[in-house]
Amino acid sequence: MPLVLGGAKTSIRVKRRKICVVTTSRAEFGLLHGLMKCIRADRALRLQVIASGTHVAQGFGQTLGEIEAEGVKLDRKIDMRLTGESGVANAKSVGVGLNGFADALEELKPEIVVLLGDRFELFAPAIAALMLRIPVAHIHGGERSEGAIDESVRHAITKMSSLHFPAAEPYRQRVIQMGESPERVFNFGAPGLDQIYGTELMTRRQLEQDLGLS
């Protein structure tokens, strides 16, 4: 912004807070895309994006193209060598990812790392950020997935996070019951709803033509 000193105009560079959003799958990118656009549009913030998980793994569709088609600039791509073959393979993938995320976060030096959900791949950025003392903002914490490892992953990431954005009040209360400070737990709502509200709906005629039936 310009500043006048003694009749001369000079400029001051305002430091922009770096927010690093991590996406590891097509499903969670769809939920995070609206948030990414808001961060990018805020002149006080600088968006950083790291793609990993199934986005860059062979055999999972390699969905990096979908991210780039939305005009999202990727700061890093981290291959976790996912195969999905076994629990052992997945555990090793987290180890590979941890190495990659540690290097990436050390280089990018964000003020905040944003994670969404409960995919096991998120252990890698969560642990790396914790060790580097970078606050994690976790979206969709406090939910339940009985009989699946997702619940353990989700709750573990909650305990490694500093800011919490659950999707509803019961989930907010559960995060607080886990010992998190109420001042840092916000009933944020589901970001997927923003995507729905911001989508231009088809007309009936367009829908019939798209589906090929009346």
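Described in the following lines is the structure provided in the data block. Throughout, residues of each chain are indexed from 1 in the direction in which the sequence is written. In view of the model being predicted, local features appear only for residues whose pLDDT reaches at least 70, and side-chain atom pairs are presented and counted only at 80 or more, with totals across whole chains, interfaces and linings using the full set of residues. Values shown for side chains rest on all heavy atoms present in the structure; no hydrogens or waters enter the calculation.

### Thoughts on the pattern of salt bridges
- We define a salt bridge as a contact between a side-chain nitrogen of Lys or Arg and a carboxyl oxygen of Asp or Glu at a distance within 4 Å. Summed over the entire model, instances satisfying the criterion amount to 13 salt bridges.
- In this structure, the salt-bridge partner of glutamate 151 is arginine 144, at a minimum N-O distance of 2.7 Å.
- The rule is simple: take the accessible area with a 1.4 Å probe, protein chains only, and divide by the maximum for that residue type; under 20% is buried, over 50% is exposed, in between is partly exposed. On the basis of relative accessibility, which here comes to 14%, the residue glutamate 151 falls in the buried class.
- With a shortest N-O distance of 2.7 Å, glutamate 180 and lysine 159 are connected by a salt bridge. Of this pair, glutamate 180 sits in the loop between α6 (169–177) and α7 (191–197) while lysine 159 sits in helix α5 (residues 149–159), and the two are 21 residues apart along the sequence.
- Overall, glutamate 180 belongs to the buried group, its relative accessible area being 8%.
- Members of the salt-bridge network, linked through shared partners, are Arg144, Glu146 and Glu151. Secondary structure follows DSSP: runs of H or I at least 4 residues long count as helices, runs of E at least 2 residues long count as strands, and numbering of each begins at the N terminus.

### Remarks on the packing of helix α3 (residues 87–108) against helix α4 (residues 123–131)
- α4 packs onto α3 with a crossing angle of 45° between their chain directions and a minimal axis gap of 8 Å. Taken together, the axes of α3 and α4 are oblique relative to one another. The hand of the α3/α4 crossing is right-handed. Here Val94, Gly97, Leu98, Phe101, Ala102 and Leu105 of α3 lie close against α4, whose contacting residues are Phe123, Ala124, Pro125, Ile127, Ala128 and Ala129.
- Here the residues of the contact of α3 with α4 are counted per class, giving eleven nonpolar, one polar and no charged. An axis is simply a line fitted to the C-alpha atoms; with a helix, the fit covers only the stretch in contact. Between two such axes, the angle follows the N-to-C directions and lies from 0 to 180 degrees. Working rule for angles: under 35 degrees goes down as roughly parallel, over 145 as roughly antiparallel, 65 to 115 as roughly perpendicular, anything else as oblique. Handedness of each helix crossing follows the sense of rotation of the near helix against the far helix: counterclockwise by less than a right angle gives left-handed, clockwise gives right-handed. In what follows, residue pairs with any heavy atoms lying within 4.5 Å of each other are defined as contacts. Under the scheme applied, nonpolar residues are Ala, Val, Leu, Ile, Met, Phe, Trp, Tyr, Cys and Pro; charged residues are Asp, Glu, Lys and Arg; polar residues are all the others, including Gly.

### Re the side chain of serine 161
- Mapped onto the fold, serine 161 is located in the loop between α5 and β8 (163–165).
- Polar contacts, as used here, are pairs of N or O atoms within 3.5 Å; protein pairs need one atom able to donate a hydrogen and one able to accept it. Residues neighboring in sequence count only if both atoms are side-chain atoms. Looking at serine 161, its side chain comes within polar contact range of the main-chain oxygen of isoleucine 157, at 2.6 Å.
- When neighbours within four sequence positions are excluded, serine 161 is seen to be in contact with Val136, His138 and Glu180.

### Details of α5
- What α5 keeps buried is the set Glu151, Val153, Arg154, His155, Ile157 and Thr158.
- Looking at the buried positions of α5, the neighbouring elements they touch are β6 (112–116), α4, β7 (136–139), β8 and α6.

### Describing the sheet that holds strand β5 (residues 76–77)
- Being paired, for any two strands, means DSSP has found at least two bridges between them. What the six strands build is an open sheet, ordered β5-β4-β3-β6-β7-β8; its pairing is parallel. Two strands close off the open sheet at either side, each with one partner strand: β5 and β8.

### A word on unusual backbone geometry
- A positive phi is found at lysine 109, a non-glycine position, where the angle reads about 50°.
- Within the secondary structure, lysine 109 is located in the loop between α3 and β6.
- Judged by its relative accessible area of 47%, lysine 109 falls in the partly exposed class.

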